[in-house]
Every structure is written in structure tokens, then in C-alpha cells.
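# A structural walkthrough
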Amino acid sequence: MTTDEPSTSGLSPDEAFALVADETRLEILRTLAAAGEPLAFSTLFERNDYDTRSNFSYHLGKLEGHFVSRTDEGYALRQAGRRVVEAVISGTVTDDPVVRRAPTDRQCPFCSAPIEVSYEQERVEMYCSECAGVFRPEDSGEQFATDFGTLGAISLPPAGVRGRTPTELKDAADVWTNLDVLATSAGVCSRCSGTIEHSVTVCENHDASEGVCDRCDRRYAVRFEVECAACHYDNSGIAVVCLLAETELLAFLTEYGMNPLVPETRERAPGMLANYGEEVRSLDPLRVALTFTVDDDALTLTIDEDVSVVDVTRDRGSEPV
């Protein structure tokens, strides 16, 4: 059973962008966000240092309804207006910083060499300086050129770059991305709250004996994919893209004091979420066993073609649990 289709009395994307494309209106939204409480018209006008009340009233009126609401206490920021301010402050729509490739204090999950990072277009690209990484990158220019593979790319708004060392940049991106992945792996889009669909692509003749497979250019045979049915956000990568929110996996991490949102706690077994065992047991029906290990303790999740966990086993080094 699903809910009825919601009414659509809001703005079209073109109308929404047109309304906030004016500096005066953006400043009104910024002022209300900074206030943290409703403001009377006179107070809002004074804080914006605008010289014509009638023209200011015109711009405020354009925002009222969708971005700003009028209450008994004054004008208040609605959630849509708050999201616009957050996007501006985070630099998502205004900044485009670039960080050239630099080493961090974090270790590659496969060979323990230092991880190197770069930043461009709101992505932290991660590399290993010594091994094949997770997949062989396509040629993407000088910024991402490498003699080895990449460990993947994770997202971070431009504000996350400011004042951070390469190690701090990677840690911040890990937290930001894992918050995203926890939502999408639980089936909820972190962008729009729509329904996330999970799927997998399997390299049927996979051979990663040299680090990555020459057929698919990936370390793992199974690529995990997510896509939002509403806003069409999509992403793909290793198993945690679809499985991080699985209760059994989170419990396994917690048992060893590890938290995907606290980078320091993962030093107990660095990289264990990326360096896992993979066994494609059958293609029709699809059954893939994924084994996450800490010391001699192994948790195996077996998934089907819908990325549903159909079996869970635990081997503590002596007998299965």
C-alpha cells in the first residue's frame, strides 16, 4: 500500500530559480536565517540596509509563500528558503575550490600505503600510491592522472575544504558520504527523500588476480548501484553503497567499537568496509557472499539480485555462529 500522490501546487524549477536569482532576495533569506526567529517587516528592512521600502516589500512578497512565511510574530524562513541559504553558505552554488593531489595519514585498505587525495567539482578523489586500488580510472586529465588505481571518489561541499589538511579533508568527506550512504542504503534518497532502488552489475568472467580485472577495470566482480525514483540521483561503488545500513553489519562494527561516522574509531581495523571477501556463488539466481573481517572474526552477508540479504553467518575463527 502506498500513499496517495501529493498535490503539486508548488513552483516549477524554473520559477523557483528565477525567484532566488536576485541579490536582494538572497540577502533577505540570509538575514532571516541569521536571525533564527521571525522578524517584523521594519526589522527585516533595517537589517538589509535597503533604501526603498516599496521595492523591498516587492522582493519580500515574491519570496512569501514558498521560501518565506508570514506569521503573527513576523516573517520567518520556510524550509525551502533555508535550503537555499545552506546551498549558498556551503559554497555548493558559488565556490569551486581545487586541491591538488597530496598524501594523507590514512592507509590504503589493500596494501597499507598512504592514501593520497585531491579535490575538484565537489569530489574528494582518493588514490593509493602503490597498489591497483578499487578500480582503474578512465583518463580524466592531469588532475586525476595516476600510475595506479583509484580508491574511489566521495562527495564533499566546498565549505568542507576550508581550513582542512588533506587528512582532515578525507575524514570530513568520509563522514559526509557515510551519512549519505546510510540513508540511500536504507532506501531513502538523501537529496529529496524519494525512494531509492538498489541493483547490481556482475562481471561474469571476472579475474582480479593482478589487482583489478582487465574486463571490467574493477577489483570486485559486483558493482553496487543506487538510483532515486524521484530525483534520479544515482551512485555506484563497493558493497557498502547498498549495505551500510544493514543491522548485522552495523552491529558487527559496533562490537569492535567502530562507527562509520567517527573516522578515528575505524583505526581498529582500517579499511575493513572496503577490503572484503567476495564470492559469486551463482548467477541464476544471483547469490553473492560478502565477508567482512576483523582479526579472525568474519561476518558473511549473502545477497540476491535485489540486494536483499538472504543469509547471515558468523565465523569467529573456530566455529560458525
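Residues numbered from 1 in each chain as written. Predicted model: local features only at pLDDT ≥ 70, side-chain atom pairs only at ≥ 80, totals over all residues. Heavy atoms only, no water.

Bringing the pairing of strand S3 (residues 99–107) into the picture now. As defined by bridge partners, S3 adjoins strand S4 (residues 114–120) across four bridges and the pair is classed as antiparallel. Looking at S4, one finds that alanine 102 is bridged to valine 117. Where S3 folds back on S4, the antiparallel hairpin that results is connected by six residues, among which serine 112 adopts a positive phi of roughly 70°. (Pairing = 2+ DSSP bridges. Helix = DSSP H or I, 4+ residues; strand = E, 2+ residues; numbered from the N terminus.)

Turning to the packing of helix H2 (residues 23–35) against helix H4 (residues 53–63), a few remarks are in order. Relative to each other, H2 and H4 sit at 70°, their axes nearing to 10 Å. The angle between H2 and H4 falls in the class roughly perpendicular. On H4, the residues that touch Thr24, Arg25, Ile28 and Leu29 of H2 are Phe56, Tyr58, His59, Leu60, Lys62 and Leu63. The residue makeup of the contact of H2 with H4, split by class, is six nonpolar, two polar and two charged. (Axes fitted to C-alpha atoms, helices over the stretch in contact; angles between N-to-C directions. Parallel < 35°, antiparallel > 145°, perpendicular 65-115°, else oblique. Contact = heavy atoms within 4.5 Å. Nonpolar A, V, L, I, M, F, W, Y, C, P; charged D, E, K, R; others polar.)

Turning to the side chain of threonine 177, a few remarks are in order. Tracing the chain through its elements places threonine 177 in helix H6 (residues 166–185). The buried category is assigned to threonine 177, whose relative accessible area is 12%. Setting aside anything within four residues of it in sequence, one finds threonine 177 in contact with Ile154 and Ser155. (Buried < 20%, exposed > 50% of the residue type's maximum accessible area, 1.4 Å probe, protein only.)

This brings us to the environment of valine 294. Tracing the backbone shows valine 294 in strand S11 (residues 286–294). Sequence separation between valine 294 and alanine 269 is 25 residues, and the spatial gap between their C-alpha atoms is 6.3 Å.

Okay, the sheet that holds S3 next. Spatially, four strands are ordered S3-S4-S5-S6 in an open sheet, and the strand pairing comes out antiparallel. In this open sheet, the two edge strands, each paired with only one partner strand, are S3 and strand S6 (150–155). When strand polarity is set aside, the average angle formed by the axes of neighbouring strands in this sheet is 25°. Pairing geometry for S4 and strand S5 (residues 123–128), over six bridges, is antiparallel. Counterpart to tyrosine 119 in the pairing with S5 is valine 124.

On to the pattern of salt bridges. Summed over the entire model, instances satisfying the criterion amount to 17 salt bridges. Between arginine 106 and aspartate 171 there is a salt bridge, and its shortest N-O distance comes to 2.6 Å. Pair noted here: arginine 106 is in strand S3 and aspartate 171 is in helix H6, with a separation of 65 residues, a long-range link. Aspartate 171 gets classed as buried once you look at its relative accessible area, which sits at 11%. The residue arginine 316 makes a salt bridge to aspartate 297 at a minimum N-O spacing of 3.6 Å. Residue arginine 316 is located in the segment after strand S13 (309–315), and its partner aspartate 297 is located in strand S12 (residues 297–303); the two are separated by 19 residues in the primary sequence. Bridged by salt links that share partners, the residues Glu255, Asp297, Arg314 and Arg316 form one connected network. (Salt bridge = Lys/Arg side-chain N within 4 Å of Asp/Glu carboxyl O.)

When a protein is soluble and globular, its nonpolar side chains tend to lie buried together. Ranked by internal contacts, the top residues of the largest apolar core, which has 53 residues, are Val124, Phe224, Met272, Leu290 and Phe292. It is S11 that provides the largest number of residues to this core, a total of five residues. Within the second largest apolar cluster, 20 residues are counted, among which are Leu26, Leu44, Phe56 and Phe67. (Core = buried A, V, L, I, M, F, W, Y, C linked by side-chain atoms within 4.5 Å.)

With that settled, the discussion passes to the packing of aromatic side chains. Inspection of every chain in the model, using the stated rule, returns seven aromatic pairs. Judged by centre distance (5.4 Å) and plane angle (75°), the rings of phenylalanine 45 and phenylalanine 56 are edge-to-face. Separated by eleven residues along the polypeptide, phenylalanine 45 in helix H3 (residues 41–47) and phenylalanine 56 in helix H4 bring together distant segments of the chain. Its end group placed over the ring of phenylalanine 45, arginine 53 keeps NZ or CZ at 5.1 Å from the ring centre. (Phe/Tyr/Trp six-rings, centres within 6.5 Å; stacked < 30°, edge-to-face > 60°. Lys NZ or Arg CZ within 6 Å of the ring centre and 35° of its normal.)

With that settled, consider the environment of valine 288. Here valine 288 shows up in strand S11. For the pair formed by valine 288 and valine 202, sequence separation is 86 residues and the distance between their alpha carbons is 9.9 Å.

Bringing the side chain of arginine 266 into the picture now. Relative to the helices and strands, arginine 266 is located in the loop between helix H8 (247–255) and strand S10 (277–283). Apart from the residues lying within four places of it in its own chain, the contact partners of arginine 266 are Asp174, Asn178, Met258, Asn259, Pro260 and Leu261.

With that settled, consider the pairing of S11. Two elements, S10 and S11, share six bridges in a ladder whose sense is antiparallel. Within S11, the position partnered with serine 282 by the bridge is arginine 287. Between S10 and S11, which pair antiparallel one after the other, the connecting turn spans two residues. The pairing of S11 with S12 spans seven bridges and is classified as antiparallel. Each residue of the ladder has a partner; that of valine 294, found in S12, is aspartate 297.

Read these as spatial facts, not as claims about activity.
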